[in-house]
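If you want the building blocks of each chain, they are given just below.
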Amino acid sequence: MITSYRLDLLVELCKEFEEVGIVTSKGEEKGTLKLASYEAYLKKYKNLKIYELSSLKISYTGESRGTSFFLYPQVVFKMFKYDILLLEGVTNLINNCYLAPISRLFGKKIIWWDPGYSRAVRTKRRKLIDGILKPFVKLTQIQMSYSTMGEEYLKNYMGAKNCFTNLNTINTNYFESIQNEVSSSIDSYNFDDTQVRLLYVGVVEKRKKVEELIKYVTKLNELSNSRKFVLNIIGGGNQLEYLRNLYDSQETVFHGPIYDKEMLKKFYFESDLFVLPGDGGLGILQSLLYGLPVLCIKGADGTESDYIDDENFILNSTEEIYDKLRTLKNINRKSYKNYVLKVSSEQWIERLISRLA
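These figures come from a predicted structure and were not determined experimentally.

Draft legend 1. Up close: helix 4 (residues 93-105). Here helix 4 is 13 residues long and its end C-alpha atoms lie 19 Å apart, about the 18 Å a rise of 1.5 Å per residue gives. Within helix 4, the axis deviates most sharply at L99, by approximately 25°, and proline P101 lies no more than four positions further along. For helix 4, the complete set of buried residues consists of L93, N95, N96, L99, A100 and S103. Phi for G107, located one or two positions after helix 4, is positive at around 75°.

Draft legend 2. Focus on the packing of aromatic side chains. Scanning the entire structure with this criterion turns up 14 aromatic pairs. Where Y268 meets Y290, the ring centres are 4.2 Å apart and the plane angle is 10°; that geometry is what we call stacked. Taken together, the residues span a long stretch of sequence, with Y268 in helix 11 (residues 261-269) and Y290 in the loop between helix 12 (282-289) and strand 13 (294-297) at a distance of 22 residues. Accessibility assignment for this pair places Y268 and Y290 in one class, buried.

Draft legend 3. Molecular detail of unusual backbone geometry. The backbone of N168 sits at a positive phi, close to 95°, despite the residue not being glycine. Within the fold, N168 resides in the loop between strand 8 (163-165) and helix 7 (173-177). Classification of N168 as buried rests on a relative accessible area of 1%. You will see that K209, though not glycine, has its phi angle at about 60°, which is positive. As for its position among the elements, K209 is in the loop between strand 9 (195-201) and helix 9 (210-223).

Reading the values: the criteria
- Residues numbered from 1 in each chain as written.
- Predicted model: local features only at pLDDT ≥ 70, side-chain atom pairs only at ≥ 80, totals over all residues.
- Heavy atoms only, no water.
- Helix = DSSP H or I, 4+ residues; strand = E, 2+ residues; numbered from the N terminus.
- Expected span 1.5 Å × (residues − 1).
- Bend = angle between axes of the 7 residues up to and from the residue.
- Buried < 20%, exposed > 50% of the residue type's maximum accessible area, 1.4 Å probe, protein only.
- Phe/Tyr/Trp six-rings, centres within 6.5 Å; stacked < 30°, edge-to-face > 60°.

Structural data, given as structure tokens:
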């Protein structure tokens, strides 16, 4: 399923290739699986083709992610006109089990694009998935990971033989255009010990552990009269209304989904810290591009070790967030002043193309 942020990155490939085709399921009306609006991109890029196909959605439970299975063989027929296939990894597990061998049979160059696995302990379920996918990964000529941790995982457990790390999955053109504002925000920043402003932007679902973060903030405010914590939560999801009904207050404010980066900018510039209690790497990347440091857990999605400069802001468990916030004294934002130079989408494209040479 092609999301808005992913489409915004992939359309940049149209500048480098004769034609770029994207196969996507129809998605949902809202939430994580909302299909990107792509009509404007089709007008701008005449060599862009988007194939929206019917699929059977296989939902997730707990911290697992969902996937979709294309109901008809159109996806196979579409691939015949392309020389290179970029396959989403485990999140496209069912389709890849037939796409990889058929593509190889017809002499296509295949790139397996996968985050790997970032949990401290491999579950039985994950070991089973790795066992199923290993022979299909071996059929691909190139494997591309989201992080250094993911690259090692692909090599050690998924049969990757020609793997490389390619940081970033979003288009950074916007962040390049606001670098002066980011720098000014960092230069003028002062940490106020009496009022700490926390920010969470992302999907409000159980796997994100937003409720745990809210409870920590509530507890911190109950135990201290000299310091107040305010948590702004931006995003939609299947837990949003449930949590809003339970916890909405002056200390914990729910803003719902905000997709406009110019509107989001104010929240990032006026916050002290972005806190990610559960999984996810996009939230880390976007925060640092705005110049706002991130506090997260190890294994958020593997990218945290590549993105976050201060290792003390990468914790071993969600439970450690409370103690870290309680003892928080100062925050250094200077190292993220020109962060876009490290993770620009232009570099992402260049690294990908260099591997195809």
